[in-house]
Amino acid sequence: MKLRHMLKRTVAAALMMSMLLTVFTGCQGKGSDEEKKSYTGYEKSAETKALVVGDYTINMDEFMIYAMQYMIVNGITGANYDEKKLEDYKEYTISQIREIKNAYHVAVSNKCELDDSDMKTVQDTFDTFKGKYDADFLKAYGITDDKLMEVFKEQALVAKYSAYIKKDMGEKMLAETKKAYENDIFSTIYMIIFPTVEVGADGQPKQDDNKKYVYVSEAEKAKIKEKAEAARKEILAGEDYLKVVEKYGVKDYCSETNLYKDQYSEKLYNRIKDLKDGECSEILDETLGYDMIYMIKKDDDEKRQIYIETLVDKAVEEQFEGLYKKWMAVIPIDKEGDLNGTVIKDFDLVTFIKDLTTASPKVTTESTTES
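Residues numbered from 1 in each chain as written. Predicted model: local features only at pLDDT ≥ 70, side-chain atom pairs only at ≥ 80, totals over all residues. Heavy atoms only, no water.

Draft legend 1. Region of interest: helix α4 (residues 116-132). Here α4 spans 24 Å end to end across 17 residues, near enough to the 24 Å set by a 1.5 Å rise per residue. Of the positions making up α4, those classed as buried are Asp-118, Val-122, Thr-125, Phe-126 and Phe-129. One side of α4 holds all its buried residues, which, seen down the axis, span an arc of 95°. Exposed side of α4, more than 90 degrees from the buried face: Asp-116, Ser-117 and Lys-120 are the residues found there. For α4, the capping residue at the N-terminal end is Asp-115, with a side-chain oxygen 3.1 Å from the backbone nitrogen of Ser-117. (Helix = DSSP H or I, 4+ residues; strand = E, 2+ residues; numbered from the N terminus. Expected span 1.5 Å × (residues − 1). Buried < 20%, exposed > 50% of the residue type's maximum accessible area, 1.4 Å probe, protein only. Arc of directions from axis to C-beta. Polar contact = N/O pair within 3.5 Å; in protein donor to acceptor, adjacent residues only side chain to side chain.)

Dropping the structure here:
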């Protein structure tokens, strides 16, 4: 079973990795040797502790990798960064590190491991990253190949374990939900209305000053009923229902609707319960006009599956959200005490963003001119 939105809300690591690949797609390389760039750098970043998360020590090189990912995902560059949000950028980066370390700790504790296929994905991410960012920039900021691989592998493990948990949740819920709805009718109907209210230029029913509908005359209403009855006879005789509503000029007042469990009123259910595919209900004089129901498909298994998967997807997201919150509490966090003094606070993020922008690949823009 493939849940259509199973990974819709995975942890940030998966988003980061996929977005990195997206950003790189269709981009130029690092430039020629003639375009030598210089960077302020932070060469001892690997030796400078930034913070701790439980037993995990995060040095500034790792902090900067997460900061890079945040800037890339959010499109923050040296030209558009918000001076007022610099501390927010840092706080978000710290938060993401804490989330990943907690989730990584849970994944490792549950014996989750990367297989050869996972490692190929990590390697591809690493190769793409290295191929698109100026090596001098990474060197200037002390970001080594080993540290990049370490971060990418941790993020991949978190994404894998999260996907595994969601898949397991989904499969269990799917079986239960299928059983719960296996005998319920999921119909696709076409509601046909011949309006007896006056319709304005905007296509909406007219109302008087008291917000009551304005109806056509009794004589006109009788003619409308005759048209509705004639249309029903044509449909029951085998005419295409869409062509019939087009012929009688009421297409704009008709609509296809999917009806699921708990969406039927008793009145509606009684009108369609005996209808077979291709049949029309009796005509009723309702608030907006004479209406009838054409049964497109009495028991639409495809619609049932979509409905079931939608329910399961939503339930999985809610259940995983609760579980994820528990993961985030596995390692106690001291928001101030876990930081290494003012190392992160003193970090020149503006210069880092500008250097990152300089080191970033430029999107290739192709244009053609006619002579």
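Having seen the structure, we can now continue with the description.
Draft legend 2. Here's a closer look at the sheet that holds strand β5 (residues 284-285). Taken in spatial order, the 4 strands make up an open sheet running β4-β3-β6-β5, and their pairing is antiparallel. Bordering the open sheet on either side are β4 (255-259) and β5, each of which pairs with just one other strand. Of the strands in this sheet, β3 (187-195), β5 and β6 (289-297) touch helix α7 (residues 218-236), which is tilted by about 15° from β6. (Pairing = 2+ DSSP bridges. Contact = heavy atoms within 4.5 Å. Axes fitted to C-alpha atoms, helices over the stretch in contact; angles between N-to-C directions.)

Draft legend 3. Geometry of helix α3 (residues 86-109). With 24 residues, α3 should cover 34 Å at 1.5 Å per step; its first-to-last C-alpha distance of 35 Å lies within 8% of that length. Of the residues flanking the end of α3, it is Lys-111, one or two places downstream, whose phi is positive at about 65°.

Draft legend 4. A look at the packing of aromatic side chains. Enumeration according to the criterion identifies 23 aromatic pairs in this entry. An angle of 35° between the planes, with centres 4.6 Å apart, marks the rings of Tyr-70 and Tyr-92 as tilted. Of this pair, Tyr-70 sits in helix α2 (residues 60-73) while Tyr-92 sits in helix α3, and the two are 22 residues apart along the sequence. Using a relative accessible area of 13% as the deciding quantity, one classes Tyr-70 as buried. Within the aromatic cluster, the residues linked to one another by ring pairs are Tyr-39, Tyr-42, Phe-63, Phe-137, Tyr-141, Phe-347 and Phe-352. Over the aromatic face of Phe-320 sits the side chain of Lys-166, whose NZ or CZ is 4.9 Å from the ring centroid. (Phe/Tyr/Trp six-rings, centres within 6.5 Å; stacked < 30°, edge-to-face > 60°. Lys NZ or Arg CZ within 6 Å of the ring centre and 35° of its normal.)

Draft legend 5. Quick peek at the pattern of salt bridges. For the structure on display, the rule yields 22 salt bridges. Close ionic contact of Glu-150 with Lys-147 constitutes a salt bridge, the shortest N to O distance being 3.2 Å. With a gap of 3 residues between them, Glu-150 and Lys-147 both fall in helix α6 (residues 145-181), about one helical turn apart. For Lys-147, a relative accessible area of 15% puts it in the buried group. (Salt bridge = Lys/Arg side-chain N within 4 Å of Asp/Glu carboxyl O.)

Draft legend 6. Structural view of the nonpolar core. Within the largest apolar cluster, 68 residues are counted, with the highest numbers of intra-cluster contacts made by Phe-63, Met-68, Tyr-89, Phe-137 and Phe-352. The leading source of residues in this core is α6, at 13 residues. Once residues lying within four places of it in the same chain are set aside, the contact partners of Phe-63 are Ala-50, Ile-58, Lys-90, Thr-93, Ile-94, Ile-97, Ile-344 and Phe-347. Listed in part, the 17 residues of the second largest apolar core include Tyr-190, Phe-194, Val-245 and Met-292. (Core = buried A, V, L, I, M, F, W, Y, C linked by side-chain atoms within 4.5 Å.)

Draft legend 7. Fine view of the environment of Tyr-81. Examined against the element boundaries, Tyr-81 turns out to sit in the loop between α2 and α3. Considered as a pair, Tyr-81 and Val-350 are 269 residues apart in the sequence and their alpha carbons are 8.1 Å apart.

Draft legend 8. Main features of a negative patch on the surface. Where like charges cluster on the molecular surface, the negative patch consists of Asp-88, Glu-91, Asp-334 and Glu-336. Along the polypeptide, Asp-334 turns up in the loop between α10 (301-327) and α11 (343-346). (Patch = residues over 30% accessible without salt bridge, like charges linked within 9 Å, V, L, I, M, F, W, Y side chains within 5 Å. Areas by Shrake-Rupley, 256 points an atom, 1.4 Å probe, with all protein chains shown as cover. Lys, Arg positive; Asp, Glu negative; His and termini not counted. Charge placed at Lys NZ, Arg CZ, Asp CG, Glu CD.)

Draft legend 9. Just the pairing of strand β2 (residues 56-59), in detail. Sheet topology places strand β1 (residues 49-53) next to β2; 4 bridges connect them, and they run antiparallel. Bridge pairing in β2 places Val-53 opposite Tyr-56. Hairpin remark: β1 followed by β2, antiparallel, with 2 residues in the connecting loop; positive phi at Gly-54, about 60°.

Draft legend 10. Region of the structure containing the side chain of Asp-338. Tracing the sequence through the fold places Asp-338 in the loop between α10 and α11. The buried charged residue Asp-338 lacks any salt bridge partner; its closest oppositely charged side chain belongs to Arg-98, at an N-O distance of 4.2 Å. Not counting residues up to four positions away in its chain, the partners in contact with Asp-338 are Leu-51, Val-52, Arg-98, Pro-332 and Ile-333.

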